[in-house]
Amino acid sequence: QVQLVESGGGLVQAGGSLRLSCVVSGRTFSSYAMGWFRQAPGKEREFVAGITWSGGGQYYADSVKGRFTISRDNAKNTVYLQMNSLKPEDTAVYYCAASNSGRIITAQPMGYDYWGQGTQVTVSS
């Protein structure tokens, strides 16, 4: 069974940085495309960033482009989200997700097969 566990969330002031991590259990992590999503209270879950199985392809939502960086370490079964220049509107629960379609990054939640439980990120003004 595939399990995803996020960590690294917390409270930070506007302009600050956080790095989220997501560790994936199982032997096939390197075959998954990975994504980060977020969901603020009263809003739908939205795509933040995605990365292909090799790390060679990355895709970002316009709202985070230039501020966030997604990366992965297949030897550690871990995907990261480096978040810089954080804004209050980045406040949300952040989820990582894994897709069996390793070469394809999709912004649609239904394109992912496994999900973590989420980690809270709060940015104060």
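Residues numbered from 1 in each chain as written. Predicted model: local features only at pLDDT ≥ 70, side-chain atom pairs only at ≥ 80, totals over all residues. Heavy atoms only, no water.

Participant: A description of the nonpolar core should follow, citing residues and the corresponding values.
Facilitator: In a soluble, globular protein the nonpolar side chains are often hidden away together inside. Among the nonpolar cores identified, the biggest contains 34 residues, and Met-34, Trp-36, Leu-81, Met-83 and Tyr-94 are the most heavily contacted of them. In terms of residues, this core owes the most to one element, strand S9 (residues 92-99), which gives five residues. For Tyr-94, the residues in contact, after removing those within four places along its chain, are Glu-6, Leu-20, Trp-36, Phe-37, Arg-38, Val-48, Phe-68, Leu-81, Met-83, Gly-118, Thr-119 and Val-121. (Core = buried A, V, L, I, M, F, W, Y, C linked by side-chain atoms within 4.5 Å. Buried < 20%, exposed > 50% of the residue type's maximum accessible area, 1.4 Å probe, protein only. Helix = DSSP H or I, 4+ residues; strand = E, 2+ residues; numbered from the N terminus. Contact = heavy atoms within 4.5 Å.)

Participant: Please give an account of the environment of Phe-29 that cites residues and values.
Facilitator: Tracing the backbone shows Phe-29 in the loop between strand S3 (18-24) and strand S4 (33-39). For Phe-29, a relative accessible area of 0% corresponds to the buried category. On a C-alpha basis, the gap between Phe-29 and Ser-101 in space is 12 Å, while along the polypeptide they are 72 residues apart. With residues up to four places along the chain from it excluded, the contact list for Phe-29 reads Val-24, Met-34, Arg-72, Asp-73, Asn-74, Asn-77, Thr-78 and Val-79.

Participant: Just give me the short version of the state of the cysteines, but keep the residues and values in it.
Facilitator: Taken as a whole and assessed by the stated rule, the structure comprises one disulfide. Two residues, Cys-22 and Cys-96, share a disulfide whose sulfurs are 1.9 Å apart. Residues Cys-22 and Cys-96 are joined through a disulfide that is right-handed, its torsion about the S-S bond being 45°. Here Cys-22 is found in strand S3, whereas its partner Cys-96 is found in strand S9, with 74 residues between them in sequence. Grouping residues by exposure puts Cys-22 and Cys-96 together as buried. (Disulfide = S-S within 2.5 Å.)

Participant: Please give an account of the sheet that holds strand S1 (residues 4-7) that cites residues and values.
Facilitator: An order of S1-S3-S8-S7 is seen for the four strands of this open sheet, with the pairing classed as antiparallel. On the outer flanks of this sheet lie S1 and strand S7 (68-73), each paired with one strand and no other. Here the average twist between neighbouring strands, direction ignored, is 15°. Relative to strand S8 (residues 78-83), S3 is paired through six bridges, and the arrangement is antiparallel. Considered in S8, the bridge of Arg-19 is made with Gln-82. (Pairing = 2+ DSSP bridges. Axes fitted to C-alpha atoms, helices over the stretch in contact; angles between N-to-C directions.)

Participant: Lay out the side chain of Thr-52 with the relevant residues and their values.
Facilitator: As for its position among the elements, Thr-52 is in the loop between strand S5 (46-51) and strand S6 (58-60). Since its relative accessible area comes to 10%, Thr-52 is described here as buried. In terms of polar contacts, Thr-52 uses its side chain to reach the backbone amide nitrogen of Gly-56, at 3.5 Å. Here Thr-52 is in contact with Tyr-32, Ala-33, Gly-57, Arg-72, Gly-102, Arg-103 and Ile-105, once residues within four sequence places are set aside. (Polar contact = N/O pair within 3.5 Å; in protein donor to acceptor, adjacent residues only side chain to side chain.)

Participant: Just give me the short version of the packing of aromatic side chains, but keep the residues and values in it.
Facilitator: Enumeration over the complete set of coordinates arrives at six aromatic pairs. With 5.2 Å between their ring centres and 80° between their planes, Phe-37 and Tyr-112 make a pair best called edge-to-face. Linking Phe-37 in strand S4 with Tyr-112 in the loop between S9 and strand S10 (114-115), this pair joins segments that are 75 residues apart in sequence. One exposure class covers both Phe-37 and Tyr-112, and it is buried. An angle of 65° between the planes, with centres 6.1 Å apart, marks the rings of Tyr-112 and Trp-115 as edge-to-face. We classify Tyr-112 as buried; its relative accessible area is 6%. Chaining the aromatic ring pairs together yields one cluster made of Phe-37, Phe-47, Tyr-59, Tyr-112 and Trp-115. (Phe/Tyr/Trp six-rings, centres within 6.5 Å; stacked < 30°, edge-to-face > 60°.)

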